[in-house]
Amino acid sequence: MLINTVLMFLRELLPLCLLLATLLVWHRSVWRSFALYFALPSVLMLSLISLRMVWISEQLDGLGVELLYSFLYLSCFVLLCLSALKAQCALVSSALAAACLFSISGSNLLLYIWLPTQAENTPADLVLGSALGVGIGASIAVLWYYLLSELKQWRISSFALLLSLTGARQVMMASALLLQSDWLPAGPQLWQTEQLLSEQSELGFFLQALMGYEATPSLSQLLLYLLCFGLLFWCCSFMEKKR
Amino acid sequence: MRSLRRYLVTVLIALFTLISFVAALQSYKQSAIRAEALFDQDLQILASSLSQQYQAGSQQELGLALQVWQKGKLVYRSALAPQTSMSDAEGFSEHNFSGKRWRVFRQTPTDLLTVIVAQPLTQRQQLADEVITASIYPVVLSLPLQALLIWLVVSKALSPIKRFSAQLSSKKANDLSPVELDQVPAELDQMLKTTNQLFARLADAFEREKRFASDVAHELRTPLSVLQVNLHNASSQWQRCGISDPEGSMLALQAGVERMSALIEQIMLLNRTNPEHFQARTEQLDLAGLCRQVVADWYPHIEKKQQQIELLGLEHLSLKGDAFALRLLVSNLVGNASKYSAVGGSIQLELSAAQDKAMLVVQDNGPGIAPEEYNRVFDRFYRVGGDRHQSGTIGSGLGLAIVRDIVVLHQGRISLGASDFSSGLKVTVELPL
């Protein structure tokens, strides 16, 4: 169905587009180098994961893909912290962080396109759905880029705040996968905001892509999220002070 | 924002794409929901049409009409179907019966069996309309949002031009400082640089002109003073030696030098009070007190001509202005009145305040000025009657030009008219309080 393709593309591309737009605001003056550092590892990692997907999925009692994705999400967060702390490697680290996210989104999309169940979708559905998904994701990224540029100009801490939210989101995604794989204790569910703001609604979808909104978070997820958010925010503030 | 063009193109394309695609998705979702509901409704109608057969007196407005013919005999018909065949043509066709227009489908699977199904056209159109309306709504509703966002984006993009224009329009006549803007887009950068270069060149030119006029007047004043002293000495020597001057050449020479000195003095003052150059130091001052001082300054001259001068009206009149410039204004007006009034003439100064302005009226009983000359007397170096001024008074033709400049500087008004005396000139100056 068309709507499934659109949602699939949006779910995979929107977080990546938002992260790329945020990092481009940061590295606006050296965007060509950023693009280069981002493109090469992205293609390399995507090719490796896509080609070895079957083998990966069979590893670690069939949890290979989940654990690899968790690792990539966590790597993305660590690289963002590193780029905030070390000015010398900020460009390379942040490009690699984006590449980690790209390899997850890219391999998921490739899987979706080549999955046997795709036979139910007509090629027109796939083309139109992907065009809509890419169009919406790219448009939001452009608007996000200009909004962040304005915010950064007026209030530098707002940029640090949004970057920290984006970084913490990657940890939230990793924690969800680790919970799913039983590698992280679930703990009690803290609240239920599905009725108030559904993850399937437009706003819920956007907040999920931006800051890892979860309608039913567990205690371990929340603690991890807050810890990582605080850590990255501190790193960003440290970077600003150093400047 | 580095480039207005890039910003506008990318943001507008992104906005259009986002809103159009989201509207298309909403249309898709709404249409799918509506279509789902319609398919469910179709099932209900079919069930209802079949069940009406068994419900006596039940005649629903919406529903299907069904007929089953076997060997040319009607073996089944729903409540809405007539006794006669609804259609004789195979496939789709349209017919009228039961007071409605129907869309009919006739199928004959075997020679012995014929099934005819009909649905009212109004019902079909209504269902189609519902689906189409559901798909159009999001697109129509997105239009005001698009318009609002376009307005915001274009306003944001043009804000540097607006700020540039605001800075230019708020500049005072004598402010030639460069325009400074944050975040100058590429398209505006060259314009800003050129404008600032123009301001810098103009400031240099004004400064040179100002310095030149001032330097010339200053340099001329010293030799003229020496010339005046020498002339005075020469005249005294002539008198002591008993040299006669029947044609009055010495007197004419003295008058010429005196006039030239006055002219240079006035040129310096004109240069100083020019609104383009003058940096007014506004302060709260008492115009009545200032008038009294000017009258006191001129009194020896007035007394010498046996003239009468009176100051009427308010004893205190506080306003904001430049003390030097206003003193010069009153002095020029009183001086003109005294100079151009005959011996024994009368001069009157009157001060009043009305609403938000102060009024100073200076009038005399001299020869006055013809109304057609009123506008011209404010021109620089213009003297009524030219050099052959009937009063024979030494003048430069700059006094009223200076007065007008000072009035302009204080954003006031000046007007000339006939004096309240039997003859003479009345000068009315209005200054904001």
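Structure: above.
Since the model is a prediction, treat every value here as computed from it, not as a measurement. (Residues numbered from 1 in each chain as written. Chains lettered and ligands numbered in written order. Predicted model: local features only at pLDDT ≥ 70, side-chain atom pairs only at ≥ 80, totals over all residues. Heavy atoms only, no water.)

Draft legend 1. Focus on the overall build of chain B. Secondary structure assignment for chain B yields 7 helices and 12 strands. Its C-alpha radius of gyration of 48 Å places chain B more than 25% over the 22 Å reference for a compact globule of 433 residues. Reported as C-alpha extents along the three principal axes, the dimensions of chain B are approximately 160 × 50 × 35 Å. Put simply, chain B has 433 residues, and 36% of those count as buried. Residue pairs at least 24 apart in sequence account for 61% of intrachain contacts in chain B once pairs closer than 6 positions are excluded. One way to put it: in chain B the 42 positive side-chain charges average out to a point 7 Å from where the 42 negative ones average out. (Helix = DSSP H or I, 4+ residues; strand = E, 2+ residues; numbered from the N terminus. Rg over C-alpha atoms; globule rule 2.2 N^0.38 Å. Buried < 20%, exposed > 50% of the residue type's maximum accessible area, 1.4 Å probe, protein only. Contact = heavy atoms within 4.5 Å. Lys, Arg positive; Asp, Glu negative; His and termini not counted. Charge placed at Lys NZ, Arg CZ, Asp CG, Glu CD.)

Draft legend 2. Region of the structure containing the interface of chain A and chain B. Opposite the 18 residues of chain A that make contact, chain B presents 17 residues. Carbon and sulfur atoms supply 74% of the area buried between chain A and chain B, which totals about 1,500 Å² over both sides. Joining chain A to chain B, the criterion identifies 2 salt bridges. Applying the counting rule to chain A against chain B returns 4 residue pairs in polar contact (both at pLDDT 80 or more). At the level of elements, helix H1 (2–26) and helix H6 (123–154) of chain A are the ones that each hand at least two residues to the side of chain A that touches chain B. In terms of residues, the side of chain A that touches chain B owes the most to one element, H6(A), which gives 11 residues. Its residues assigned to classes, the side of chain A that touches chain B comprises 11 nonpolar, 4 polar and 3 charged. (Buried area = accessible area lost by both parts, 1.4 Å probe. Salt bridge = Lys/Arg side-chain N within 4 Å of Asp/Glu carboxyl O. Polar contact = N/O pair within 3.5 Å; in protein donor to acceptor, adjacent residues only side chain to side chain. Nonpolar A, V, L, I, M, F, W, Y, C, P; charged D, E, K, R; others polar.)

Draft legend 3. Expanded view of the pairing of strand S11 (residues 413–418) of chain B. Residues and elements named next belong to chain B. In terms of strand pairing, S11 meets strand S12 (residues 425–432) through 6 bridges, oriented antiparallel. Within S12, the residue paired with Leu416 across the bridge is Val427. If you look at the hairpin formed by S11 and S12, you'll find 6 residues sitting between the two strands, and Gly424 has a positive phi there, around 115°. (Pairing = 2+ DSSP bridges.)

Draft legend 4. The arrangement of the nonpolar core in detail. Membership of the largest hydrophobic core comes to 81 residues, with the highest contact counts inside it found for A:Leu23 and A:Leu80. In terms of residues, this core owes the most to one element, H1(A), which gives 17 residues. When neighbours within four sequence positions are excluded, A:Leu23 is seen to be in contact with A:Phe34, A:Leu80, A:Ser94, A:Ala98 and A:Leu163. If you look at the next biggest cluster of nonpolar residues, it comprises 44 residues, including B:Ile302, B:Ile369, B:Phe378 and B:Val429. (Core = buried A, V, L, I, M, F, W, Y, C linked by side-chain atoms within 4.5 Å.)

Draft legend 5. Geometry of a nonpolar patch on the surface. Taken together, the side chains of A:Leu190, A:Trp191, A:Leu219 and A:Leu223 present a nonpolar region at the surface, about 350 Å² in accessible area. Examined against the element boundaries, A:Leu219 turns out to sit in helix H9 (residues 219–242). (Patch = residues over 30% accessible without salt bridge, like charges linked within 9 Å, V, L, I, M, F, W, Y side chains within 5 Å. Areas by Shrake-Rupley, 256 points an atom, 1.4 Å probe, with all protein chains shown as cover.)

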